[in-house]
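Here are the chains, one letter per residue:
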Amino acid sequence: MPSPAHAPDFSAPASRPWSADQDETLRCVHVRQETHDVKTFVLAADGPRSFRYLPGQFITLELEVDGRRINRCYTLSSTPTRPDLVSITVKRVPGGMVSNWLHDHLRVGMALGVMGPSGAFSCFSAPAQRYLFVSGGSGVTPLMSMTRALHDLGSDADIVFVHCARTPADLLFPEELSMMARNMAHLRLAMVCEHHTHGSNYAGHLGRLDLHRLAHIAPDFLQRDVYTCGPAPFMGAVRGMLAGAGFDMQRYREESFSFESLPAEIQPEIEHSSPENETGVTTYRIHLQKLAQEFTCRSDQTILQAAAAAGLRLPSSCSSGACGTCKTKKISGQVEIKHAGGIRQREIDQGWILPCCSRPQSDVALDR
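Predicted, not measured: the structure shown is a model, and the values here were computed from it. (Residues numbered from 1 in each chain as written. Predicted model: local features only at pLDDT ≥ 70, side-chain atom pairs only at ≥ 80, totals over all residues. Heavy atoms only, no water.)

### Some points on the packing of aromatic side chains
Line of reasoning, step 1. With the rule as written, the count across this model stands at 5 aromatic pairs.
Line of reasoning, step 2. Judged by centre distance (5.8 Å) and plane angle (85 degrees), the ring pair of F133 and F161 falls under edge-to-face. Here F133 is found in strand β7 (residues 130-136), whereas its partner F161 is found in strand β8 (residues 158-165), with 28 residues between them in sequence. Pair check on accessibility: F133 and F161 agree, each one buried.
Line of reasoning, step 3. Three or more aromatic residues joined by ring pairs make a cluster, and in this case those are F121, Y131, F133, F161 and Y227.
Line of reasoning, step 4. Over the aromatic face of F173 sits the side chain of R148, whose NZ or CZ is 5.0 Å from the ring centroid. (Phe/Tyr/Trp six-rings, centres within 6.5 Å; stacked < 30°, edge-to-face > 60°. Helix = DSSP H or I, 4+ residues; strand = E, 2+ residues; numbered from the N terminus. Buried < 20%, exposed > 50% of the residue type's maximum accessible area, 1.4 Å probe, protein only. Lys NZ or Arg CZ within 6 Å of the ring centre and 35° of its normal.)

Rendered as structure tokens:
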């Protein structure tokens with residue numbers, strides 16, 4: 001529970017909307033150990049605050065770790081039906097700079113810079129009557145947010161929730177999921193663990209999720225809207241399994257933020273074709289002022305892709321314009337930027353860009 005200093009003031013007027021275009025400072029008010037390598041961090045505003053967002057959306061933490069400014073996206077595991085607090089549930093990633101910092105250093109009372117919320121991975125964006133939620137490991141967090149909201153709202157939606165983990169000791173929120181399943185007549189819960197934990201009273205499915213097991217758990221899965229979150233290989237397996245079974249992939253949605261396992265740069269998608277042979281494709285010069293480096297970038301490449309092709313390592317994380325890690329000040333030139341919430345419009349107006357999702361429309365100079 002939050003301390004009295006952070007207790008909600010129910011008589012206070014409604015606070016401003018929560019927007020990804022605004023800076024926020026939130027304070028950690030509680031840390032909960034979920035498993036041996038997963039913690040939930042509960043965050044609150046210093047003053048009266050009502051957090052409005054779609055269940056399943058993510059926020060971006062703006063941190064300084066070892067003298068470096070780093071942004072990381074984390075899905076909210078909390079639900080907007082309990083609007084005074086928000087929470088993120090973070091798995092410690094071996095070698096992961098941010099997850100290890102959060103686990104080792106974030107304590108009650110500490111403040112964090114936050115951008116958010118963003119993202120479109122939410123069953124509230126496209127309501128249906130029958131859902132199949134499939135989670136792998138800590139990918140349960142957005143699906144937990146959605147299920148908590150549906151539970152609190154008294155939804156009569158028909159939900160099959162499949163939560164997969166390595167062992168029973170790695171299952172997240174099993175007690176709360178079981179409680180919600182008892183309260184919701186149409187929520188069916190299935191746990192799938194690859195291996196048993198010695199001494200555990202686990203009585204769920206053993207092995208990996210495959211088509212035979214899925215059909216046993218949810219015989220009507222072809223008629224459900226599917227939401228999947230987890231490690232990229234896990235989601236790839238689920239996606240391939242459903243496609244192979246003839247599932248209508250227009251009703252399939254997935255989300256993943258495995259940024260810490262990604263390399264510092266991404267491999268360019270376009271490498272070998274010559275701009276003279278491509279209609280409408282032009283090559284521009286990209287100048288990095290502080291590094292005194294210059295490289296070429298095609299108009300159909302992102303600046304990050306071109307930098308990687310030139311052997312230059314620029315800070316990056318998501319490579320999709322969601323997290324803001326690569327945010328850089330543009331000194332001159334024009335770019336086309338298509339981002340996913342990792343930069344605010346006012347920052348773009350001030351000349352900031354995200355190289356991971358910016359394509360040049362002229363020669364460009366960057367303050368890097």
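### Structural notes on the sheet that holds strand β1 (residues 24-35)
The strands that make up a sheet pair up through hydrogen bonds in the backbone, lying either parallel or antiparallel.
Line of reasoning, step 1. The strand order β4-β3-β6-β1-β2-β5 describes an open sheet built from 6 strands, whose pairing is antiparallel. Among the strands making up the open sheet, the edge pair consists of β4 (68-75) and β5 (86-91). With direction set aside, neighbouring strand axes in the sheet form an average angle of 40 degrees.
Line of reasoning, step 2. In the sheet, strand β2 (residues 38-44) pairs with β5 via 6 bridges, with the strands oriented antiparallel. Across the sheet, residue F41 finds its bridge partner in β5, namely I88.
Line of reasoning, step 3. Contacts from helix α1 (residues 97-105) reach β2, β3 (58-65), β4, β5 and β6 (111-118) within the one sheet, and its direction differs from that of β4 by about 85 degrees. (Pairing = 2+ DSSP bridges. Axes fitted to C-alpha atoms, helices over the stretch in contact; angles between N-to-C directions. Contact = heavy atoms within 4.5 Å.)

### Side note on unusual backbone geometry
Line of reasoning, step 1. Although it is not a glycine, D66 adopts a positive phi angle of roughly 55 degrees.
Line of reasoning, step 2. A positive phi angle is found at A292, which is not glycine, with a value near 55 degrees.
Line of reasoning, step 3. Among the secondary structure elements, A292 is positioned in the loop between β13 (283-288) and β14 (293-298).

### Things to note about the packing of helix α2 (residues 140-152) against helix α3 (residues 174-183)
Line of reasoning, step 1. With their axes 11 Å apart at the nearest point, α2 and α3 run at an angle of 35 degrees to one another. The chirality of how α2 crosses α3 is left-handed. Contacts between α2 and α3 involve M144, T147, R148 and H151 from the first element and E176, L177, M179, M180 and N183 from the second.
Line of reasoning, step 2. Per-class residue counts for the contact of α2 with α3 are 4 nonpolar, 3 polar and 2 charged. (Left-handed = near helix turned anticlockwise from the far one by under 90°. Nonpolar A, V, L, I, M, F, W, Y, C, P; charged D, E, K, R; others polar.)

### Let's talk about the sheet that holds strand β11 (residues 225-229)
Line of reasoning, step 1. Read across the open sheet, the 6 strands follow the order β10-β9-β8-β7-β11-β12; overall the sheet is parallel. Looking at strand neighbours, the two that pair on one side only are β10 (205-206) and β12 (252-255), the edges of this open sheet.
Line of reasoning, step 2. Relative to β11, β7 is paired through 5 bridges, and the arrangement is parallel. Paired with V134 across the strands is T228, a residue of β11.
Line of reasoning, step 3. α2 contacts β7, β8, β9 (187-193) and β11 of the sheet and is inclined by roughly 145 degrees relative to β7.
Line of reasoning, step 4. Contacting β7, β8, β11 and β12, helix α5 (residues 232-244) crosses the sheet at an angle of about 175 degrees to β12.

### Digging into the pattern of salt bridges
Line of reasoning, step 1. Scanning all chains against the criterion turns up 20 salt bridges.
Line of reasoning, step 2. One salt bridge in this structure joins E336 and K338, with 3.7 Å as the shortest N-O distance.
Line of reasoning, step 3. On the basis of relative accessible area, E336 is assigned to the partly exposed category, the value being 34%.
Line of reasoning, step 4. Each member of the salt-bridge network shares a partner with another, and the members are R130, D158, D220 and R224. (Salt bridge = Lys/Arg side-chain N within 4 Å of Asp/Glu carboxyl O.)

### Brief notes about α2
Line of reasoning, step 1. The end-to-end C-alpha distance of α2 is 18 Å, a good match for the 18 Å that 13 residues give at a rise of 1.5 Å each.
Line of reasoning, step 2. Once α2 finishes, G154 follows within two positions and takes phi at roughly 70 degrees, a positive value. (Expected span 1.5 Å × (residues − 1).)

### Regarding the side chain of E347
Line of reasoning, step 1. Assignment of secondary structure puts E347 in helix α7 (residues 345-349).
Line of reasoning, step 2. When its relative accessible area of 9% is taken as the criterion, E347 is described as buried.
Line of reasoning, step 3. Excluding residues within four positions of it along the chain, E347 makes contact with K327 and W352.

### Overview of the pairing of β14
Line of reasoning, step 1. Relative to β14, β13 is paired through 6 bridges, and the arrangement is antiparallel. Opposite R285, over in β14, you have T296 as the bridge partner.
Line of reasoning, step 2. Connecting β13 to the antiparallel partner β14 that follows it, the hairpin turn spans 4 residues, and A292 within it adopts a positive phi of roughly 55 degrees.

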